[in-house]
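# Inside the fold
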Amino acid sequence: MSFDFLNRWTANKLDAVVVGLDYRLAPQHQFPAQFEDSFAAVKFFLQDEVLTKYRVDPTRICIAGDSFGGTLAAAVTQQVQNNLEIQHKIKLQALLYPSLQLIDSYLPAHRDNEYGLILTRKTGIKLISLYLTASETLSLAVLRNQHMPLESAHLFKFVNWSILLPKKYRKDYVYTEPVLGRCNHSLPAFMDIRASPLLANDSQLRNLPSTYILTCQYDLVRDDGFMYTSRLQNVGVQVTHDHLEDGIHGALLFMTSPLHLHLGLRIKDRYISWLDKNL
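Residues numbered from 1 in each chain as written. Predicted model: local features only at pLDDT ≥ 70, side-chain atom pairs only at ≥ 80, totals over all residues. Heavy atoms only, no water.

The name given to the protein in an unreviewed UniProt entry is Arylacetamide deacetylase-like 2 isoform X3, with the source organism recorded as Equus przewalskii.

## Some words on the state of the cysteines
Note the cut-off: Cysteine sulfur atoms are paired as a disulfide whenever they come within 2.5 Å of each other. Between buried and exposed lies partly exposed: a residue is buried under 20% and exposed over 50% of the maximum accessible area for its type, with that area taken using a 1.4 Å probe on protein chains only.
Scanning the model with the defined rule gives zero disulfides in all. Lacking any disulfide linkage, Cys62 is separated from the closest cysteine sulfur, that of Cys216, by 18 Å. Under the relative-accessibility criterion, Cys216 is labelled buried at 0%.

## Quick look at the sheet that holds strand β1 (residues 62–66)
Where we set the bar: For two strands to count as paired, DSSP must find a minimum of two bridges between them. Strands here mean DSSP runs of E at least two residues long; helices mean DSSP runs of H or I at least four residues long; both are numbered from the N terminus. Each axis is a line fitted through C-alpha atoms, taken for helices only over the stretch in contact, and angles between the N-to-C directions span 0 to 180 degrees. For this analysis, residues touch if any pair of their heavy atoms sits within 4.5 Å.
Sheet architecture is open: four strands sit in the order β1-β2-β3-β4, paired in parallel fashion. Bordering the open sheet on either side are β1 and β4 (239–248), each of which pairs with just one other strand. Shown here is a sheet whose adjacent strand axes are inclined to one another by a mean of 10°, direction ignored. In terms of strand pairing, strand β2 (residues 92–96) meets strand β3 (residues 210–218) through five bridges, oriented parallel. Residue pairing across strands places Gln93 opposite Thr211, the latter belonging to β3. Of the strands in this sheet, β1, β2, β3 and β4 touch helix α12 (residues 262–278), which is tilted by about 170° from β4.

## What to know about helix α6 (residues 121–132)
The test is simple: To estimate the expected span of a helix, subtract one from its residue number and multiply by 1.5 Å. Working definition: the arc comes from the directions between the helix axis and the C-beta atoms, pointing outward to the latter.
Between the first and last C-alpha of α6 there are 17 Å, a value that for 12 residues agrees with the 16 Å anticipated at 1.5 Å per step. The complete set of buried residues in α6 reads Arg121, Gly124, Ile125, Ser129, Tyr131 and Leu132. Seen from one end, α6 has its buried residues packed into an arc of 160°, which puts them on one side. Facing away from the buried side of α6 by over 90 degrees, the exposed positions are Lys122 and Lys126. Lining the buried residues of α6 we find α2 (33–45), α4 (68–81), α5 (108–112) and α7 (138–143).

## A short note on the UniProt feature "domain: Alpha/beta hydrolase fold-3" (unreviewed entry) in the protein
What counts is decided by this rule: UniProt positions are given in the numbering used here, feature names are shortened, and annotations may be inferred rather than shown by experiment.
Under the local residue numbering, the UniProt record ascribes the feature "domain: Alpha/beta hydrolase fold-3" (unreviewed entry) to residues 6–134 and 167–252. Taken end to end, residues 6–134 comprises 46% helix and 8% strand; its first and last C-alpha atoms sit 33 Å apart.

## Side note on the packing of aromatic side chains
The condition that has to hold: The criterion for an aromatic pair is that two Phe, Tyr or Trp rings (for Trp, the six-membered ring) have centres within 6.5 Å, with stacked assigned to planes under 30 degrees apart, edge-to-face to planes over 60 apart and tilted to the rest.
Summed over all chains, the structure comprises nine aromatic pairs. Taking 5.9 Å as the distance between ring centres and 5° as the angle between the ring planes, the aromatic pair formed by Phe35 and Phe39 counts as stacked. In this pair, Phe35 and Phe39 are both assigned in helix α2, four residues apart and thus about one turn of the helix distant. Note on Phe39: relative accessible area 12%, which makes it buried.

## Observations regarding the pairing of β4
Within a regular strand, the side chains alternate between the two sheet faces. What counts is decided by this rule: Classification remark: right-handed applies to a crossover when, strands pointing away from the viewer, the course from the first strand over the helix to the second runs clockwise.
Pairing between β3 and β4: seven bridges, direction parallel. Pairing of Cys216 across the sheet is with Leu244, part of β4. Taken together, β3, helix α11 (residues 222–234) and β4 constitute a β-α-β crossover, and its handedness is right-handed.

## Considering unusual backbone geometry
A cis amide bond links Phe31 with the next residue in sequence, Pro32, at an omega value of 10°. Its location among the elements puts Pro32 in the loop between α1 (2–14) and α2. One non-glycine residue, Asp15, adopts positive backbone phi at about 50°. Along the chain, Asp15 falls in the loop between α1 and α2.

## Focus on a nonpolar patch on the surface
Our working rule: By definition, no residue in a patch forms a salt bridge, and every one has over 30% relative accessible area; like charges are joined within 9 Å, nonpolar side chains (Val, Leu, Ile, Met, Phe, Trp, Tyr) within 5 Å. For accessible areas, the Shrake-Rupley method is used with a probe of radius 1.4 Å. Any residue's cover is judged against the shown protein chains and nothing else. Just to be clear on terms, a salt bridge is a Lys or Arg side-chain nitrogen sitting within 4 Å of an Asp or Glu carboxyl oxygen.
Taken together, Val17, Val19, Leu21 and Tyr54 make up a surface patch of nonpolar side chains, about 350 Å² in accessible area. Mapped onto the secondary structure, Leu21 falls in the loop between α1 and α2. By relative accessible area, Leu21 is classed as partly exposed at 38%.

This is how it looks when you write it as structure tokens:
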């Protein structure tokens, strides 16, 4: 209901065509099914004849998503912009409190919000495990930050929060790399940019369009958005980063009846205002 409200509001406020994507869900369908469904839908929509049919201006297209939808939006945008058939058809991407990496499960945000509202560390890790595998033992390895395979060490630089996070959010925490080779599972998905868009290298990120990222202080995935902002800015991508010091994960879910959460309405207004000015 909340997202139907948001999509209708966006369409009416911006006089825009809004397409809401559906995709197969975990645990019945695991990675990369969700990405494949989303990319297929976007690739279909970007065909010239489809854009013409729905009277869409091909120079004013944005991909957006919140939470896991933000993961998919970031991953699909990367794939589109690096696909010769359809590259440069996306003008903007908007990522609202997105989850962008699976490598490090002990970021400052994970410690600050271990027992946070809406999304606790334990719940978040359980959802990641269900997304990747049917095994019930993976969660324990991720909780201990011991889930990465030996061959993944070269990727840590892409999610090194001691460099990519502002000092205010690093606090006095000491950075330690995830422990390698302790997990019985060998899941290539942990090293796949379709699951962790933060793992894209700089040359892939340079092709990305202007970006809106919204993060919330009381949110398990807060640092993902901060790190992606840093990495995009470092390669010259124009980024608008909104951080809500009183924000919680999933606030958009609660902006309609019966809660009418003011925070959700504020996020909606900031997001729509940015779209209105930039799209």
